Amino acid sequence: AASVNKLPILAALYYNTQKGEIDLDRVVTIQEKDIQDYGTGSIRYDTPGATYSVKTLAKLMTQQSDNTAAYILANHIVGMSDIQKLVDSWGLTQTDMANNKTSNHDIAILFKKLYKREVAGEAYTLEMLSFLKDTDFEDRLPALLPDTATVYHKIGTEVGVLHDTGIVNHASLVYYIGILTTDVDNEEEAIQIAAEISKIVYDYLKR
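Residues numbered from 1 in each chain as written. Predicted model: local features only at pLDDT ≥ 70, side-chain atom pairs only at ≥ 80, totals over all residues. Heavy atoms only, no water.

Visitor: Where do I start with the layout of surface pockets in this structure?
Guide: Regions of empty space are outlined by a rolling probe, equal in size to a water molecule, passed over the atoms. What the largest pocket holds in volume is close to 480 Å³. Considering the residues around the largest pocket, the lining is formed by 22 residues, among which Ala 2, Ser 3, Lys 6, Tyr 38 and Asn 67 are closest to the centre. Counting only elements with at least two residues in the lining of the largest pocket, the list comes to α1 (6-18), α3 (67-78) and β3 (150-158). For the lining of the largest pocket, the element with the highest residue contribution is α3, accounting for 5 residues. Of the residues assigned to the lining of the largest pocket, the class counts are 10 nonpolar, 10 polar and 2 charged. (1 Å grid on protein atoms, 1.4 Å probe; cavity = no way out; pocket = protein on both sides within 12 Å on 5 of 7 lines; lining within 4 Å. Points joined across faces, edges and corners; volume = space filled by probe spheres on them. Helix = DSSP H or I, 4+ residues; strand = E, 2+ residues; numbered from the N terminus. Nonpolar A, V, L, I, M, F, W, Y, C, P; charged D, E, K, R; others polar.)

Shown next, in the form of structure tokens:
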């Protein structure tokens, strides 16, 4: 799943916030043992002792795909076992948080639930969507779409793996699209192909 599995963390966080079990304004102090010194994100460069609100961690996890933010939210704020129970209850039968596995089908279910306000209420949903809209990774699904199209999406990148999954909204047109790959040996080419597939789907559905 790579970083696509940050979407279930985000959804579980806001689901529990809606229930009153999590305070998004709670301040968390970054410990040295929490820092995930790999991949994307800015927190890995902080000195231990830096502080962030839970909401800011959620934003960084989503927009920057920050691995330290995801680790803290999953392990210290929501809980991995609670996230797994929740996604199981939502029908994500192929998502295994501990082993970082998922499927396009599962992520489609989750994105639709989130977008239809079935994860959290209007205000919290709009907050999640705002994080998913303006990310540091706009080179895949959104890249070749018109500026008037809005894309709420979550990417994933590892060695040999390149994903982008999300919902496209343009006027009355709303649809889910997910591109998940394996065995990628040319990341630049794969990114370009993902952008082209996204444009082909958009053009077809817009007819």
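Visitor: What's the story with the nonpolar core in this structure? I'm lost.
Guide: Generally speaking, soluble globular proteins have nonpolar side chains that are buried together. Ranked by internal contacts, the top residues of the largest apolar core, which has 48 residues, are Leu 10, Leu 13, Tyr 14 and Leu 73. Of all elements in the fold, only α1, α2 (54-63), α3, α4 (80-89), α5 (104-115) and α6 (122-133) reach the threshold of two or more residues within this core. The residues contacting Leu 13, other than those within four sequence positions of it, are Ile 22, Leu 24, Val 54, Ala 58, Leu 73, Ile 77 and Val 78. (Core = buried A, V, L, I, M, F, W, Y, C linked by side-chain atoms within 4.5 Å. Buried < 20%, exposed > 50% of the residue type's maximum accessible area, 1.4 Å probe, protein only. Contact = heavy atoms within 4.5 Å.)

Visitor: Just checking my understanding: could you explain the packing of α2 against α3 for this structure?
Guide: Packed helix pairs are characterised by how far apart their axes lie and by the angle those axes make with each other. Between α2 and α3, the least distance of the axes is 8 Å, while the angle of their chain directions is 130°. Taken together, the axes of α2 and α3 lie oblique to each other. In this structure, α2 crosses over α3, and the sense of that crossing is left-handed. Residues Val 54, Leu 57, Ala 58, Leu 60 and Met 61 of α2 touch α3, and the partners they reach there are Ala 69, Ala 70, Ile 72, Leu 73 and Ile 77. For the contact of α2 with α3, the per-class residue count stands at 10 nonpolar, no polar and no charged. (Axes fitted to C-alpha atoms, helices over the stretch in contact; angles between N-to-C directions. Parallel < 35°, antiparallel > 145°, perpendicular 65-115°, else oblique. Left-handed = near helix turned anticlockwise from the far one by under 90°.)

Visitor: Would you mind showing me how to read a negative patch on the surface here?
Guide: On the surface, a cluster of negative charge is made up of Asp 183, Asp 185, Glu 188 and Glu 189. Here Glu 188 lies in helix α7 (residues 187-206). Looking at Glu 188, the relative accessible area reads 66%, which means it is exposed. (Patch = residues over 30% accessible without salt bridge, like charges linked within 9 Å, V, L, I, M, F, W, Y side chains within 5 Å. Areas by Shrake-Rupley, 256 points an atom, 1.4 Å probe, with all protein chains shown as cover. Salt bridge = Lys/Arg side-chain N within 4 Å of Asp/Glu carboxyl O. Lys, Arg positive; Asp, Glu negative; His and termini not counted. Charge placed at Lys NZ, Arg CZ, Asp CG, Glu CD.)

Visitor: I tried to follow the sheet that holds strand β5 (residues 173-180) on my own but got confused; where do I start?
Guide: In any sheet, the strands associate via hydrogen bonds between backbone groups, in a parallel or an antiparallel arrangement. Strand order in this open sheet of 3 strands is β3-β4-β5, and the pairing throughout is antiparallel. Strand pairing shows two members of the sheet lacking a second neighbour, β3 and β5, which therefore form its edges. Strand after strand, the sheet turns through a mean of 5° between neighbouring axes, direction not considered. The pairing of strand β4 (residues 161-170) with β5 spans 8 bridges and is classified as antiparallel. Across the sheet, residue Ile 167 finds its bridge partner in β5, namely Tyr 176. (Pairing = 2+ DSSP bridges.)

Visitor: Sorry, what's going on with the pattern of salt bridges here?
Guide: Note that side chains of opposite charge can pair when their charged atoms are close. For the structure shown, the criterion picks out 9 salt bridges. With its nearest N and O atoms 3.4 Å apart, the salt bridge here joins Lys 19 to Glu 21. For the salt bridge of Asp 37 with Arg 44, the shortest nitrogen-to-oxygen distance reads 3.1 Å. Owing to a relative accessible area of 54%, Asp 37 belongs among the exposed residues under this scheme. Residues joined by salt bridges that share partners form a network here, namely Lys 113, Lys 116 and Glu 118.

Visitor: Looking at this model, I keep getting lost on the packing of α1 against α5. Mind explaining?
Guide: Taken N-terminus to C-terminus, the directions of α1 and α5 make an angle of 35°; their axes are 11 Å apart at the nearest point. Here α1 runs over α5; the crossing is left-handed. Facing Leu 7, Pro 8 and Ala 11 of α1, the residues of α5 in contact are Ile 107, Leu 110, Phe 111 and Leu 114. Its residues assigned to classes, the contact of α1 with α5 shows 7 nonpolar, no polar and no charged.

Visitor: Would you mind going over the pairing of β4 with me for this structure?
Guide: Residues in a regular strand point their side chains to alternate faces of the sheet. Among the 10 residues of β4, 10 are classified as buried, and the element is accordingly described as predominantly covered. Neither face of β4 is open: one carries Val 161, His 163, Thr 165, Ile 167 and Asn 169, the other Leu 162, Asp 164, Gly 166, Val 168 and His 170, and all of them are buried. In the sheet, β3 pairs with β4 via 9 bridges, with the strands oriented antiparallel. Paired with His 153 across the bridge in β4 is Gly 166. The antiparallel hairpin formed by β3 and β4 contains 2 residues in its connecting segment, where Gly 160 sits at a positive phi of about 80°. Two successive antiparallel strands, β4 and β5, enclose a turn made up of 2 residues, where Ala 171 displays a positive phi of approximately 60°.

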